[in-house]
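As a plain string of letters, each chain reads:
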Amino acid sequence: MHNKGSLMNVEFSRLQATTRPAVLAHLQILNDEDRFTRFGLEMSEAALADYVDRINFNRDIVIGVLYRGLLIGVVHIAVFQHEGHPCGELGISVDSFCQGKGIGRMLFDQALEHARRRKVNSLRIQYLRRNGRMASLCRGLTTRFAQDGEETSCQIQLAEADPAEACRYEMNDGIELFHADAVAARAHVLFIHGVAGDGWQWRENFLPYFARHGLSSTALSLRGHGGSPARANQTLRGYEEDVYHVLEQLADKPVLIVGHSMGGFLSQRVLDGNQAIRKASLICSVPPWGLLPGTLEPVVEFMGDPLGKAIALQAAEGKPAYVNPDNISAQVQVIGGSRDRLIPPDVVAATARSYDTEAVMIEDAGHAVISSSKWQAVADQLLQHLR
């Protein structure tokens, strides 16, 4: 998303995980006063680096403003679930030499637009009493203010909570789970994300959508992703154990298991010899033979972080062992994106042939199809597979 601004010829862009160094550099050059008002406390260089490392670019809303390619402002909405619905906490910063030009207002408005689109019901903003710029941004909205000494708490109501969008949240033995319960559910679905993803990718759209179609569902965040604390050593084998643990907690209720990217490989692993799960859907999935050397380089480049690279290498080296489709009795659906560079259409087609089926291609979709505007096209294919 690139929108031209009317002042200083700036551009606004939704930031991804590969921009962490630029975000950190922006925060580091803030003067002491701007850094203090942004965070409400003194932030050391180490604390800044830790804050940036913890940004969940998959779940959160992070928008940058660029001037001649330089990141001069960032708004970060940390998204979380409260009483079954998405909420957020907003923080914003603009380089000192760009302040007073209306950039903060435009950045703030961009954030509100994205939050509404992402079905975030309310935003919380904490700021110091002396931060007049933030106080000005919050005026005129449906807000509640509370004062505690030098700190102001502002709650902005963006939309009324829709009961149809509610999900249950659970932490189970260190694994974050989201559940959507359909009345008189005709089946249960388990969703598994890929590297750099988390359960929120499914919670945001898929879980409520399936509940409206009479299907209960669960999405997990593998350890080290989303709200699930990391293990000391992150491995594909450990992720496989996470999935087995969740299946055990669900008492083998799922009749359909859905995996995206690495989650598709994990789905195939747990289906091996499993007679209880009758159907599976693999979306832009790592194929049963893992990642070949020719496909490894773009995957590693896309991941852009040490964990992603390590897991990609494990998938390429067969750790754990590759999957034998002959050992899987479930009816497997294979879905790909026509513009996916990580798991390209020819690999998707080969995976489909391994399971004696035809690949379903989502046109004009890339690897992150489940988080894109094409998500419903994928969801409808999954529903059709369950019929």
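Conventions we followed
- Residues numbered from 1 in each chain as written.
- Predicted model: local features only at pLDDT ≥ 70, side-chain atom pairs only at ≥ 80, totals over all residues.
- Heavy atoms only, no water.
- Phe/Tyr/Trp six-rings, centres within 6.5 Å; stacked < 30°, edge-to-face > 60°.
- Helix = DSSP H or I, 4+ residues; strand = E, 2+ residues; numbered from the N terminus.
- Lys NZ or Arg CZ within 6 Å of the ring centre and 35° of its normal.
- Salt bridge = Lys/Arg side-chain N within 4 Å of Asp/Glu carboxyl O.
- Buried < 20%, exposed > 50% of the residue type's maximum accessible area, 1.4 Å probe, protein only.
- Expected span 1.5 Å × (residues − 1).
- Pairing = 2+ DSSP bridges.
- Axes fitted to C-alpha atoms, helices over the stretch in contact; angles between N-to-C directions.
- Left-handed = near helix turned anticlockwise from the far one by under 90°.
- Contact = heavy atoms within 4.5 Å.
- Nonpolar A, V, L, I, M, F, W, Y, C, P; charged D, E, K, R; others polar.
- Arc of directions from axis to C-beta.

Colleague: Please provide a residue-by-residue account of the packing of aromatic side chains, values included.
Modeller: Scanning all chains against the criterion turns up nine aromatic pairs. The interplanar angle of 80° and the centroid separation of 5.4 Å between the aromatic rings of phenylalanine 191 and phenylalanine 210 together place this pair among those described as edge-to-face. Of this pair, phenylalanine 191 sits in strand β11 (residues 187-192) while phenylalanine 210 sits in helix α7 (residues 206-212), and the two are 19 residues apart along the sequence. The rings of Phe191, Trp202, Phe206, Tyr209, Phe210 and Trp375 are connected pair by pair, giving a single aromatic cluster. In this structure, arginine 38 packs its charged tip against the face of phenylalanine 39, placed 4.4 Å from the ring centre. When the ring centre of tryptophan 200 is taken as reference, the NZ or CZ atom of arginine 203 above it lies at 5.2 Å.

Colleague: Provide a residue-level description of the pattern of salt bridges, including the pertinent values.
Modeller: The tally for this structure, following the rule as stated, stands at 17 salt bridges. Between arginine 59 and glutamate 176 there is a salt bridge, and its shortest N-O distance comes to 2.7 Å. Of this pair, arginine 59 sits in the loop between α3 (45-53) and β3 (61-67) while glutamate 176 sits in strand β10 (residues 175-180), and the two are 117 residues apart along the sequence. On the basis of relative accessible area, arginine 59 is assigned to the buried category, the value being 7%. For glutamate 176, a relative accessible area of 2% gives the class buried. The salt bridge partner of aspartate 181 is arginine 168, with a shortest N-O separation of 2.6 Å. Of this pair, aspartate 181 sits in the loop between β10 and β11 while arginine 168 is found in strand β9 (residues 168-172), placing the two residues 13 residues apart along the sequence. Overall, aspartate 181 belongs to the partly exposed group, its relative accessible area being 47%. The structure contains a network of salt bridges with shared partners spanning Asp173, Arg223, Arg231, Glu241 and Asp242.

Colleague: So what's going on with helix α4 (residues 103-117)? Residues and values would help.
Modeller: For an α-helix, 3.6 residues make a turn, and residues three or four places apart therefore share a direction. The first and last C-alpha atoms of α4 sit 21 Å apart over 15 residues, in line with the 21 Å expected at 1.5 Å per residue. Those residues of α4 not exposed but buried are Ile103, Gly104, Met106, Leu107, Phe108, Gln110, Ala111, Leu112, His114 and Ala115.

Colleague: Outline the pairing of strand β4 (residues 70-82), supporting the account with residue identities and numerical values.
Modeller: Direction of pairing for β3 relative to β4: antiparallel, over a ladder of seven bridges. Paired with leucine 66 across the two strands is leucine 71, which belongs to β4. Hairpin remark: β3 followed by β4, antiparallel, with two residues in the connecting loop; positive phi at arginine 68, about 55°. The pairing of β4 with strand β5 (residues 85-94) spans ten bridges and is classified as antiparallel. Along β5, the bridge assignment pairs alanine 78 with glutamate 89. Hairpin connection of β4 to β5: two residues between the antiparallel strands, including glutamate 83 at a positive phi of 50°.

Colleague: Go over the packing of helix α8 (residues 236-249) against helix α9 (residues 262-271), please, and point to the residues and values.
Modeller: Where α8 meets α9, the closest approach of the two axes is 10 Å, and the angle between their N-to-C directions is 65°. When you trace α8 past α9, the crossing you get is right-handed. Contacts between α8 and α9 involve Leu236, Arg237, Tyr239, Glu240, Val243, Tyr244 and Leu247 from the first element and Met262, Phe265, Leu266, Arg269 and Val270 from the second. Residue composition of the contact of α8 with α9, by class: nine nonpolar, no polar and three charged.

Colleague: Mind laying out helix α1 (residues 20-28), listing which residues take part and the relevant values?
Modeller: Among all positions of α1, only Val23, Leu24, His26 and Leu27 are buried. Angularly, the buried residues of α1 cover 160° about the axis, an arc narrow enough to put them on a single face. Along its buried surface, α1 packs onto α2 (32-39), α3, β4 and β5.

Colleague: A description of the sheet that holds strand β16 (residues 360-362) should follow, citing residues and the corresponding values.
Modeller: A sheet is described by the order of its strands in space; here eight strands give the open sequence β9-β10-β12-β11-β13-β14-β15-β16, paired in mixed fashion. Bordering the open sheet on either side are β9 and β16, each of which pairs with just one other strand. On average, each strand axis in the sheet is tilted by 20° relative to the strand beside it, whichever way the strands run. Relative to strand β14 (residues 279-283), strand β13 (residues 256-260) is paired through five bridges, and the arrangement is parallel. Note on β14: the bridge partner recorded for valine 258 is serine 281. This element, α9, spans β11, β13 and β14 of the sheet and lies at about 145° to β13.

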